[in-house]
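Here's the letter readout for the chains.
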Amino acid sequence: MELPMFPLEWVLLPGEELSLRIFELRYTVLVGDLMRSGDPRFGVVLIARGREVGGGEQRHDVGAMTAITHCTELGGGRYALRCLTGERIRVREWLPDDPYPRAIVEVWPDEPAEPVSDNQFRELEDRIVMLHKRMAMARRRWVMPGRNAMLGGRRLRSLDPVQRLYSLACRVPMGEADRYAVLAAPSLPERMSALHEAIETVSARVEFDLPR
């Protein structure tokens, strides 16, 4: 399918909310076209090199389908958007940026693999809880949310395994390279492995910051 595209300087995972303030001409045209078409969907991908403003950026090819859930006109061709990310997508072909980025994309579900067990999810959740405890110590914050509040409680456990893992990934304060590795992992077990590696990276940084 052909989809308008919005390259960003950060990675969005399926299920995340996004707020945008639109002021650059090419994207005001994009939003106007979406609102007139009645189809609020566009794609978001990570910028590999360059900036969001001005054009000419290099882009990664794995991203997420995103839909505008609320649009406010601010005047002067500016908009405030609230959006929600959905399915993972993969760019098959970039089209000319006329008048804004566009691409031929396909929805990219996880590739078949061995299922991830409840024990593996619990181990991952334990590591995330421990990471947040160590972060609280590093920041000298002795009061922190309980496990259920931190992980999403029953709602998290009710999700399908794919979205459950994305939701857990959103609770890890990792860098954009690690977030992209999580997003672009071909299968659920590989995504879990990428998330464990990201936790290792964040944990090492936190341990360095802990008071001695």
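Residues numbered from 1 in each chain as written. Predicted model: local features only at pLDDT ≥ 70, side-chain atom pairs only at ≥ 80, totals over all residues. Heavy atoms only, no water.

Under an unreviewed UniProt entry, the chain has the name ATP-dependent protease and belongs to Mycolicibacter sinensis.

(A) Local environment of unusual backbone geometry. A cis amide bond links Asp98 with the next residue in sequence, Pro99, at an omega value of 5°. Along the chain, Pro99 falls in the loop between β5 (78–95) and β6 (102–107). (Helix = DSSP H or I, 4+ residues; strand = E, 2+ residues; numbered from the N terminus.)

(B) A look at helix α2 (residues 118–138). The terminal C-alpha atoms of α2, which comprises 21 residues, lie 30 Å apart, in line with the 30 Å expected from a rise of 1.5 Å per residue. Considered for burial, the residues of α2 that qualify are Phe121, Leu124, Glu125, Ile128, Val129, Leu131, Met135, Ala136 and Ala138. Residue Arg140 follows α2 closely and has a positive phi angle near 60°. (Expected span 1.5 Å × (residues − 1). Buried < 20%, exposed > 50% of the residue type's maximum accessible area, 1.4 Å probe, protein only.)

(C) Fine view of the nonpolar core. Counting residues in hydrophobic clusters, the biggest one holds 33 residues, and the most contacted among them are Leu124, Val172, Met174 and Leu195. When residues of this core are traced back to their parent elements, those giving at least two are α2, α3 (147–151), α5 (161–169), α6 (176–184) and α7 (188–209). Sorting elements by how many residues they give to this core places α7 first, with 8 residues. Excluding anything up to four places from it in sequence, Leu124 contacts Leu165, Leu168, Met192, Leu195, His196 and Ile199. Leu8, Ile22, Val44 and Cys83 belong to the second largest nonpolar core, which has 18 residues in total. (Core = buried A, V, L, I, M, F, W, Y, C linked by side-chain atoms within 4.5 Å. Contact = heavy atoms within 4.5 Å.)

(D) A look at empty space enclosed by the protein. Scanning all chains against the criterion turns up 1 cavity of 30 Å³ or more. The computed volume of the largest cavity comes to approximately 50 Å³. Lining the largest cavity, in full, are Leu8, Trp10, Val11, Leu12, Val44, Val45, Leu46, Val62, Gly63, Ala64, Tyr180 and Leu183. Among the elements of the structure, β3 (41–49), β4 (58–75) and α6 are those that each provide at least two residues to the lining of the largest cavity. By residue class, the composition of the lining of the largest cavity is 11 nonpolar, 1 polar and no charged. (1 Å grid on protein atoms, 1.4 Å probe; cavity = no way out; pocket = protein on both sides within 12 Å on 5 of 7 lines; lining within 4 Å. Points joined across faces, edges and corners; volume = space filled by probe spheres on them. Nonpolar A, V, L, I, M, F, W, Y, C, P; charged D, E, K, R; others polar.)

(E) Quick look at the pattern of salt bridges. Here the structure, examined in full by the defined rule, presents 13 salt bridges. Linking Glu106 and Arg92 is a salt bridge whose minimum nitrogen-to-oxygen distance equals 3.2 Å. Placement of Glu106 in strand β6 and of Arg92 in strand β5 is noted, with a sequence separation of 14 residues between them. Its relative accessible area of 25% is what places Glu106 among the partly exposed residues. For Arg92, a relative accessible area of 56% translates into the label exposed. Salt bridges sharing partners connect three or more residues here, namely Arg88, Asp110 and Arg191. (Salt bridge = Lys/Arg side-chain N within 4 Å of Asp/Glu carboxyl O.)

(F) Spatial organisation of the domain arrangement of the chain. Each domain of the chain was delimited in the assignment, giving domain 1 (2–107) and domain 2 (118–209). Once you take the C-alpha centre of each, domain 1 and domain 2 turn out to be 27 Å apart. Of the residues lining the interface, 14 residues belong to domain 1; the matching set on domain 2 comes to 12 residues. Buried surface at the junction of domain 1 and domain 2, both sides included, amounts to about 1,100 Å², of which 63% is carbon and sulfur. In this assembly, domain 1 and domain 2 are joined by 1 salt bridge. (Domains from an automatic or database assignment. Buried area = accessible area lost by both parts, 1.4 Å probe.)

(G) Geometry of helix α1 (residues 25–37). Here α1 spans 18 Å end to end across 13 residues, near enough to the 18 Å set by a 1.5 Å rise per residue. Restricting attention to buried positions, one finds in α1 the residues Arg26, Tyr27, Thr28, Leu30, Val31, Gly32 and Leu34. Those residues of α1 hidden inside the fold are in contact with β1 (2–8), β2 (17–22), β3, β4 and β5. After α1 finishes, the residue Gly38 shows a positive phi value of roughly 80°.

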